[in-house]
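Architecture at a glance
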Amino acid sequence: MDFRLSEEQLMIQQAARDFAKTELLPGVIERDEKQEFPKEQVKKMGELGFLGMMTSPEYGGSGMDTISYVLVMKELSKIDASSSVIVSVNNSLVCWGLEKYGTEQQKKKYLTRLASGDIIGAFCLSEPEAGSDATSQKTTAIDKGDHYIVNGTKNWITNGNSADVYLVIAQTYPEKKHKGINALILEKGMPGFEIGPKEQKLGIRGSDTHSLIFNDVKVPKENLIGEDGFGFKFAMKTLSGGRIGIAAQALGIAWGAYELAKEYSKVRKAFGTEICNHQAIAFKLADMHTQIKAAEHLVLKAAWDKDIDEDYDISGSMAKLYASEVAMNTTIEAVQIHGGNGYVKEYHVERLMRDAKITQIYEGTSEIQKIVISRSLLSE
Ligand code: CAA
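Residues numbered from 1 in each chain as written. Predicted model: local features only at pLDDT ≥ 70, side-chain atom pairs only at ≥ 80, totals over all residues. Heavy atoms only, no water.

Another point: the pairing of strand S2 (residues 140–143). Regular strands place their side chains on alternate faces of the sheet. Relative to strand S3 (residues 147–158), S2 runs antiparallel, the two sharing 4 bridges. Within S3, the residue paired with Ala141 across the bridge is Val150. Where S2 folds back on S3, the antiparallel hairpin that results is connected by 3 residues, among which Gly145 adopts a positive phi of roughly 95°. (Pairing = 2+ DSSP bridges. Helix = DSSP H or I, 4+ residues; strand = E, 2+ residues; numbered from the N terminus.)

Dropping the structure here:
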């Protein structure tokens, strides 16, 4: 067993670390406050190849492994989780799914532009009444011969307004339940495709989250992904990889908060000494660091499973479950170590705490991860 990263992985990690410090850190507080989408930063991440990391160069991507992808996600998330979720959705939920299951024509038409960062994509599964219970899709895609007519509403869609391409999950044959669900490619601007108001969020406020409304949207048959009725499996398979990306995001948030808390504890004085000299603080740092390292091993293991074509559904769920809990606990402790300063924006840890919460919710709540993990254990 070799835990060392390759030269190439170390280089991409360093590139992401430098980018996060020089390009994401300036303005991160203001973007959070104003709920401002990091448009310029996303453009630059596209130029660096961060938006199609695992996509093959043939389709405009960087052709890297999943380990490199999680290292980049971790570094970006230490500083700006709003920017990293854009990277995660585009890479894991949009580009990966299109490359794996799309037709040659779909790859040429959409994937090349998505992977190179010319445009970004969105993944549209959740609905007002189908969040965790994802098989209960109410959005319909009625088969009209050479096209589908799509009607319905999607909720909490990351990149909701800034995307140009949307992978939409919809029900075609309700009597077949999840086996009647399809995945379709929609484009912004298709007649009847309306973007709802922006959500006002607790965290990841720089990423734009919207509902989407479809009123008789005509979608050509060539935009169907995979076989007729493959849509639910497409969503599940895609989300399995997505969960590794969100686990890496949670890991990065935890590292970011820990590093800030450690540095602060070395300069802040109380009772005549730096607060890191008080065991109450030193033990917190020891716990935080140990938990983060454990989360990191789970995240890298899940990424490695994916890279060597092992099953990664369960390792990805375990990584997301644990890393998101570590992110929440670590950020709460980081605020505590900062005391009153932790509660104000300029010290960054309150934002990281708010950002951490979503990692326990999106791409499958912690409770859903426990369903996935326990079902697998009990079926052994
Ligand atoms: N890969 C392939 N197929 C899978 C699968 C996987 N990982 N997981 C389930 N399936 C298949 C099952 O094999 C089954 O197919 P068959 O009937 O042919 O055997 C089918 O899917 C239905 O599975 P279940 O019977 O297990 O369905 P269920 O309703 O009991 O549970 C669930 C399914 C795991 C709970 C699922 O609904 C789920 O993952 N829910 C959470 C949804 C979610 O993660 N939403 C996130 C929204 S996207 C987002 O947040 C993105 C963003 O913007 C950041």
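The next point concerns the packing of helix H4 (residues 66–79) against helix H5 (residues 81–101). The contact between H4 and H5 brings their axes to 7 Å, and the two run at 155°. With respect to H5, the element H4 is oriented roughly antiparallel. On H5, the residues that touch Tyr69, Met73, Leu76, Ser77 and Ile79 of H4 are Ala81, Ser84, Val87, Ser88, Asn91 and Ser92. (Axes fitted to C-alpha atoms, helices over the stretch in contact; angles between N-to-C directions. Parallel < 35°, antiparallel > 145°, perpendicular 65-115°, else oblique. Contact = heavy atoms within 4.5 Å.)

Moving on, we come to the environment of Ala248. If you trace the backbone, Ala248 turns up in helix H7 (residues 231–267). Put simply, Ala248 and Lys74 are 174 residues apart on the chain and 5.3 Å apart in space, counted from C-alpha to C-alpha. Setting aside residues up to four positions removed in sequence, Ala248 forms contacts with Val70, Met73, Lys74, Ser77 and Val299.

Attention now moves to empty space enclosed by the protein. Using the criterion set out here, one finds 2 cavities of 30 Å³ or more in the structure. When its volume is computed, the largest cavity comes out at roughly 40 Å³. Along the walls of the largest cavity sit Val28, Arg31, Asp32, Asp80, Ser82, Ile204, Arg205, Gly206, Arg351 and Asp355, which together make up its complete lining. Those elements that place two or more of their residues in the lining of the largest cavity are helix H2 (28–34) and helix H10 (349–358). Of all the elements, H2 adds the most residues to the lining of the largest cavity, at 3 residues. Of the residues that constitute the lining of the largest cavity, the class distribution is 2 nonpolar, 2 polar and 6 charged. (1 Å grid on protein atoms, 1.4 Å probe; cavity = no way out; pocket = protein on both sides within 12 Å on 5 of 7 lines; lining within 4 Å. Points joined across faces, edges and corners; volume = space filled by probe spheres on them. Nonpolar A, V, L, I, M, F, W, Y, C, P; charged D, E, K, R; others polar.)

With that settled, consider unusual backbone geometry. Even without being a glycine, Lys177 presents a positive backbone phi close to 50°. Inspection of the secondary structure puts Lys177 in the loop between strand S4 (165–171) and strand S5 (181–187). Unusually for a residue other than glycine, His348 sits at a positive phi of about 75°. In this structure, His348 sits in the loop between helix H9 (313–338) and H10.

Near the ligand lie 25 residues; those nearest to it are Ser132, Thr158, His178, Arg243 and Arg375. The separation between an oxygen atom of the ligand and a polar side-chain atom of Lys233 is 3.1 Å. Within the side chain of Arg243, a nitrogen or oxygen atom sits 2.8 Å from an oxygen atom of the ligand. Protein chains bury 75% of the 1100 Å² of accessible surface belonging to the ligand in isolation. Looking at the shell around the ligand, the elements that each hand over two or more residues are H5, H7 and helix H11 (366–378). Class assignment for the residues of the shell around the ligand results in 10 nonpolar, 8 polar and 7 charged. (Near = heavy atom within 4 Å. Polar contact = N/O pair within 3.5 Å; in protein donor to acceptor, adjacent residues only side chain to side chain. Areas by Shrake-Rupley, 256 points an atom, 1.4 Å probe, with all protein chains shown as cover.)

Turning next to the layout of surface pockets. To locate leftover empty space, one rolls a probe as large as a water molecule over the atoms. Roughly 1300 Å³ of volume is contained in the largest pocket. Lining the largest pocket are 45 residues; nearest its centre among them are Gly131, Leu239, Arg243, Glu363 and Gly364. Here the residues of the lining of the largest pocket sort into 21 nonpolar, 13 polar and 11 charged. Its boundaries defined by the atoms lining it, the second largest pocket holds a volume of some 530 Å³. Looking at the second largest pocket, it is lined by 19 residues, and the ones nearest its centre are Asp2, Phe3, Leu5, Ile67 and Leu300. Where the lining of the second largest pocket is concerned, the elements lending two or more residues are helix H1 (7–24), H4, H7 and helix H8 (279–307).

Let's shift gears to the nonpolar core. If you look at the biggest cluster of nonpolar residues, it comprises 87 residues, and the most contacted ones within it are Phe50, Leu76, Leu98, Leu114, Leu167 and Val299. With 17 residues, the single largest contributor to this core is H7. The residues touching Leu76, leaving out its near neighbours within four places in the chain, are Ala16, Phe19, Ala20, Leu24, Met45, Phe50, Ala81, Ser84 and Val87. Counting 19 residues, the second largest nonpolar core, distinct from the first, contains Val150, Ala170, Leu184 and Val217. (Core = buried A, V, L, I, M, F, W, Y, C linked by side-chain atoms within 4.5 Å. Buried < 20%, exposed > 50% of the residue type's maximum accessible area, 1.4 Å probe, protein only.)

On to the packing of aromatic side chains, then. Counting across every chain of the model gives 8 aromatic pairs. Pairing Phe19 with Phe50 gives two aromatic rings, centres 6.1 Å apart and planes at 85°, and the pair type is edge-to-face. With Phe19 in helix H1 and Phe50 in the loop between helix H3 (39–47) and H4, this pair connects stretches of sequence that are 31 residues apart. For Phe50, a relative accessible area of 1% corresponds to the buried category. One aromatic cluster is present, built from ring pairs that chain together Trp96, Tyr101, Phe230 and Phe234. (Phe/Tyr/Trp six-rings, centres within 6.5 Å; stacked < 30°, edge-to-face > 60°.)

Over its 13 residues, H11 runs 18 Å from end to end, which matches the ideal 18 Å to within 8%, given 1.5 Å per residue. Where H11 is buried, its residues meet H7 and H9. (Expected span 1.5 Å × (residues − 1).)

A few words now on the side chain of Gln249. Within the secondary structure layout, Gln249 lies in helix H7. Judged by its relative accessible area of 0%, Gln249 falls in the buried class. Within polar-contact distance, the side chain of Gln249 engages the side chain of Ser84 at 3.1 Å. When residues no more than four places from it in sequence are discounted, the contact partners of Gln249 are Met73, Ser77, Ala81, Ser84, Val85, Ile204, Thr359 and Tyr362.

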